[in-house]
Amino acid sequence: YAAKEAGRDLRVFDSTLDDGTPRRLALVAELRDALRQSELVVYYQPKVRLDDEEIAGVEALVRWHHPTRGIVGPDDFIPLAERSGLIEPLTGVVLESSLRQCRAWLDEGKHVPVAVNISVRALLDPGFVEQVARVLERTGVAPAMLTLELTESSVMSDLPRCMGTLHQLVASGVRISVDDFGTGWSSLSQLRHLPASEVKIDKSFILAMATDEHDIAVVGAIVKLAHDLGKRVVAEGIEDKLTWRKLADLGCDVAQGFFLSRPLPPERLAAWMRENALSPGHPVDAPDAAV
Ligand code: C2E
Ligand code: MG
Ligand code: MG
Ligand code: MG
């Protein structure tokens, strides 16, 4: 299998594949089986507050534990799921596992809010608000413990259709976060129209911050704008201590990145919380958890 030999660069799904080709149909069938056979596993990456270095929550990031291809990252199958009608069940699986995990932590006395990534495709499903409410009810997790992350580009491209659903979710107590902020080419002022409580600055700005003064200026401007609009700011992609310090200087609220921890399976995260939650800055060496 050619893709397998390419190792980490494998593309399970090639977005140029035409709908209806035999190979694409075979991949869709494989993903449908993966959903049924619980091959989709949720990893969690901690988000840490820059002021007191306490854990602010975790982001749920799905992986496909493929029987022959190994661990496949979401960029390689989410687009396929979005185009083949599997994103709704996939979203359901991730929501369910994340909230069950959140419940399990609560039962251990740990208050760990979870953030789940949602495709606009799934958000626009007419049953979505009800589906979220049901999972919260079934797991007995407070709506405020759940944040839904939506990318800036996808929300802005379909803002009129998203708005009603977003307001319903916010009214139910769930929080909204604007993911990958800064890459969506929307005007910064459009942010004020979104009923979001959090902005996540895209990692492309953060990764270069330690060396690039211009990126520091951009990040500083986003932090100020978001704060002026009453929103919390999360930076993703913190890979070193210098970037952590610069973000603290800029007044950013929360940091997420390999410097703190890679996304981890729940049992590894529990160990991380025991060892690091009160003293981030000691990256966990987790080679097998990386995707
Ligand atoms: P995202 O929501 O922006 O998630 C952040 C991505 O950055 C994750 O990649 C994470 O592993 C990676 N990352 C975290 N810290 C660092 C760092 O310090 N340096 C670098 N270079 N990268 C870092 P991942 O897990 O491969 O996910 C990719 C994207 O797939 C996510 O981007 C999200 O848009 C999407 N995704 C993940 N899980 C789901 C899901 O359950 N549903 C949907 N619809 N999309 C998902
Ligand atoms: Mg995200
Ligand atoms: Mg992001
Ligand atoms: Mg992203």
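In case you missed it, the structure is sitting above this.
What counts as what
- Residues numbered from 1 in each chain as written.
- Chains lettered and ligands numbered in written order.
- Predicted model: local features only at pLDDT ≥ 70, side-chain atom pairs only at ≥ 80, totals over all residues.
- Heavy atoms only, no water.
- Helix = DSSP H or I, 4+ residues; strand = E, 2+ residues; numbered from the N terminus.
- Buried < 20%, exposed > 50% of the residue type's maximum accessible area, 1.4 Å probe, protein only.
- Donors = N, O, S within 2.8 Å, 3.2 Å for Na, K, Ca; no water.
- Salt bridge = Lys/Arg side-chain N within 4 Å of Asp/Glu carboxyl O.
- Near = heavy atom within 4 Å.
- Polar contact = N/O pair within 3.5 Å; in protein donor to acceptor, adjacent residues only side chain to side chain.
- Areas by Shrake-Rupley, 256 points an atom, 1.4 Å probe, with all protein chains shown as cover.
- Pairing = 2+ DSSP bridges.
- Expected span 1.5 Å × (residues − 1).
- Arc of directions from axis to C-beta.
- Phe/Tyr/Trp six-rings, centres within 6.5 Å; stacked < 30°, edge-to-face > 60°.

Colleague: Tell me about unusual backbone geometry, and name the residues and values.
Modeller: In this structure, Glu53 takes a positive phi of about 60 degrees despite not being glycine. Relative to the helices and strands, Glu53 resides in the loop between strand S1 (40-49) and strand S2 (55-66). We classify Glu53 as partly exposed; its relative accessible area is 27%. For Asp180, which is not glycine, the phi dihedral falls at a positive 50 degrees.

Colleague: Any chance you could break down the coordination of the magnesium ion (ligand 3) for me, citing the residues and the numbers?
Modeller: Looking at the magnesium ion (ligand 3), one finds its protein donor set to be Asp179 (OD), Asp180 (OD), Glu236 (OE) and Glu236 (OE), positioned 2.0 to 2.5 Å from the metal centre. Mapping the donors of the magnesium ion (ligand 3) onto the primary sequence yields the spacing D-D-x55-E. The two metals, the magnesium ion (ligand 3) and the magnesium ion (ligand 2), are separated by 4.1 Å and share Asp179 as a common coordinating residue. Residue Asp179 is found in strand S6 (residues 175-181), and its partner Glu236 is found in strand S8 (residues 232-236); the two are separated by 57 residues along the sequence.

Colleague: Can you explain the coordination of the magnesium ion (ligand 2)? Please cite residues and give values.
Modeller: Every protein donor of the magnesium ion (ligand 2) is listed here as Glu59 (OE), Asn117 (OD1), Glu149 (OE) and Asp179 (OD), and their distances to the metal cover 2.0 to 2.2 Å. Sequence positions of the donors to the magnesium ion (ligand 2) reduce to the motif E-x57-N-x31-E-x29-D. Taking the relative accessible area as the measure of exposure, Asn117 reaches 30% and is therefore partly exposed.

Colleague: Summarise the pattern of salt bridges; cite the residues concerned and give the values.
Modeller: Taken as a whole and assessed by the stated rule, the structure comprises 16 salt bridges. Between Asp51 and Arg49 there is a salt bridge; the shortest N-O distance is 4.0 Å. Among the residues examined, Asp51 registers a relative accessible area of 66% and is labelled exposed. Note that Asp107 and Arg103 form a salt bridge whose closest N and O atoms lie 3.0 Å from each other. Here Asp107 pairs with Arg103, and both are found in helix H4 (residues 87-107), just 4 residues apart, close to one helical turn.

Colleague: I'd love a proper account of the site of ligand 1, names of residues and values included.
Modeller: The local shell around ligand 1 holds 22 residues, among which Arg63, Asn117, Asp179, Glu239 and Phe258 are the closest. At 2.8 Å, a side-chain N or O of Asn117 approaches an oxygen atom of ligand 1. Taking 810 Å² as the accessible area of ligand 1 by itself, protein coverage stands at 88%. Of all the secondary-structure elements, those providing two or more residues to the shell around ligand 1 are S2 and S6.

Colleague: How would you explain the pairing of strand S4 (residues 114-117) if you had to name every residue and give the values?
Modeller: Bridge analysis of S2 against S4 gives 3 bridges, and the strand direction is parallel. Each bridged residue has a counterpart across the sheet, and for Glu59 the counterpart in S4 is Ala115. Of the pairings in the sheet, the one linking S4 to strand S5 (residues 146-151) comprises 4 bridges and is parallel in character. The residue of S5 that forms the bridge with Ala115 is Thr147.

Colleague: Explain helix H2 (residues 22-36) to me, using residue names and the numbers behind them.
Modeller: Each turn of an α-helix holds 3.6 residues, which means side chains three or four residues apart point in the same direction. Counted at 1.5 Å a residue, the expected span for H2 with its 15 residues is 21 Å, and the 21 Å between its end C-alpha atoms agrees. Buried within H2 we find Arg24, Leu27, Val28, Leu31, Ala34 and Leu35. Down the axis of H2, the sector holding all buried residues measures 115 degrees, keeping them to one side. Counted as exposed and oriented over 90 degrees from the buried face of H2: Pro22 and Arg36.

Colleague: Outline the packing of aromatic side chains, supporting the account with residue identities and numerical values.
Modeller: Using the criterion set out here, one finds 2 aromatic pairs in the structure. Geometrically, the ring pair formed by Tyr44 and Trp105 is edge-to-face, given 5.4 Å between the ring centres and 75 degrees between the ring planes. Residue Tyr44 is located in strand S1, and its partner Trp105 is located in helix H4; the two are separated by 61 residues in the primary sequence. For Tyr44, a relative accessible area of 1% corresponds to the buried category. Look at Trp105 and you get buried, because its relative accessible area is 1%. Considering the side-chain rings of Trp64 and Phe77, the 5.7 Å spacing of their centres and the 85 degrees angle between planes classify their relative orientation as edge-to-face. With a gap of 13 residues between them, Trp64 in strand S2 and Phe77 in the loop between strand S3 (70-72) and helix H3 (78-83) connect regions that are remote in the sequence. Among the residues examined, Trp64 registers a relative accessible area of 0% and is labelled buried. Of the residues examined, Phe77 reaches a relative accessible area of 0% and is grouped as buried.

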